Amino acid sequence: MVGNPKPVATAAGALRTRLVQALRTRGGGSSDRWTSPGHQDRPNGYLFNRPPPPPGQSRKWEDWELPCYITSFLTIVILGVGLNAKPDLTLETWAHQKALERLQAQQQTESSE
């Protein structure tokens, strides 16, 4: 059962009005933070818009880079070791072990008779 459609129609009308106003002001010089033109006219062709250092000089690392690289490396090492060392708990392995145990038990009973 559907309730009163009046609140839904009112909300849709308000949303439509706001969208139309936003589209109209987008072309004009709006000071909205989402539609501001930015600080650069066009891309300069460099990665992250950072020009390369002069020849013979190395790029200075940012403050966040060393901790990020160390953490990433340690994460990869811990996951690599941990995932390779985990026990095999799959259903197929369990069933294979049980089948081998039954075969050995059957062979022992046959050989003792």
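### Here's the deal with the overall build of the protein
Here comes step 1: Secondary structure summary: the protein contains three helices and zero strands in total.
Here comes step 2: Helices (α) and strands (β) of the protein occur, in sequence order from the N terminus, as α-α-α.
Here comes step 3: The burial tally for the protein puts 1% of its 113 residues in the buried class.
Here comes step 4: When the accessible surface of the protein is split by element, carbon and sulfur atoms take 61% of a total near 11,300 Å².

### So, the pattern of salt bridges
Here comes step 1: Applying the stated rule across the entire model yields three salt bridges.
Here comes step 2: Here E101 makes a salt bridge to K98, at a shortest N to O gap of 3.8 Å. A residue pair is termed a helical-turn pair when its members lie 3 or 4 positions apart in one helix, as E101 and K98 do in helix 3 (residues 91-112) at three residues.
Here comes step 3: Overall, the relative accessible area of 43% leaves E101 in the partly exposed class.

### Topic: the packing of aromatic side chains
Here comes step 1: Applying the stated criterion across every chain, the model contains one aromatic pair.
Here comes step 2: Pairing W61 with Y69 gives two aromatic rings, centres 5.4 Å apart and planes at 80°, and the pair type is edge-to-face.

### Here's the deal with a nonpolar patch on the surface
Here comes step 1: On the surface, a nonpolar cluster with roughly 1,100 Å² of combined accessible area is contributed by W61, W64, L66, Y69, I70, F73, L74, V77, I78 and V81.
Here comes step 2: Take L66: it is sitting in helix 2 (residues 65-85).
Here comes step 3: The class for L66 is partly exposed, based on a relative accessible area of 46%.

### Points about the confidence of the model for the protein
Here comes step 1: For the protein, mean pLDDT is 84; residues scoring 70 or higher make up 81% of the total.
Here comes step 2: The secondary-structure element of the protein with the lowest mean pLDDT is helix 1 (residues 6-27), recorded at 80, while helix 2 shows the highest, at 96.

### Points about the side chain of E65
Here comes step 1: Tracing the chain through its elements places E65 in helix 2.
Here comes step 2: Ignoring any residue separated from it by four or fewer positions in sequence, one finds E65 in contact with R59 and K60.

About the criteria used
Residues numbered from 1 in each chain as written. Predicted model: local features only at pLDDT ≥ 70, side-chain atom pairs only at ≥ 80, totals over all residues. Heavy atoms only, no water. Helix = DSSP H or I, 4+ residues; strand = E, 2+ residues; numbered from the N terminus. Buried < 20%, exposed > 50% of the residue type's maximum accessible area, 1.4 Å probe, protein only. Areas by Shrake-Rupley, 256 points an atom, 1.4 Å probe, with all protein chains shown as cover. Salt bridge = Lys/Arg side-chain N within 4 Å of Asp/Glu carboxyl O. Phe/Tyr/Trp six-rings, centres within 6.5 Å; stacked < 30°, edge-to-face > 60°. Patch = residues over 30% accessible without salt bridge, like charges linked within 9 Å, V, L, I, M, F, W, Y side chains within 5 Å. pLDDT = per-residue confidence, 0-100. Contact = heavy atoms within 4.5 Å.

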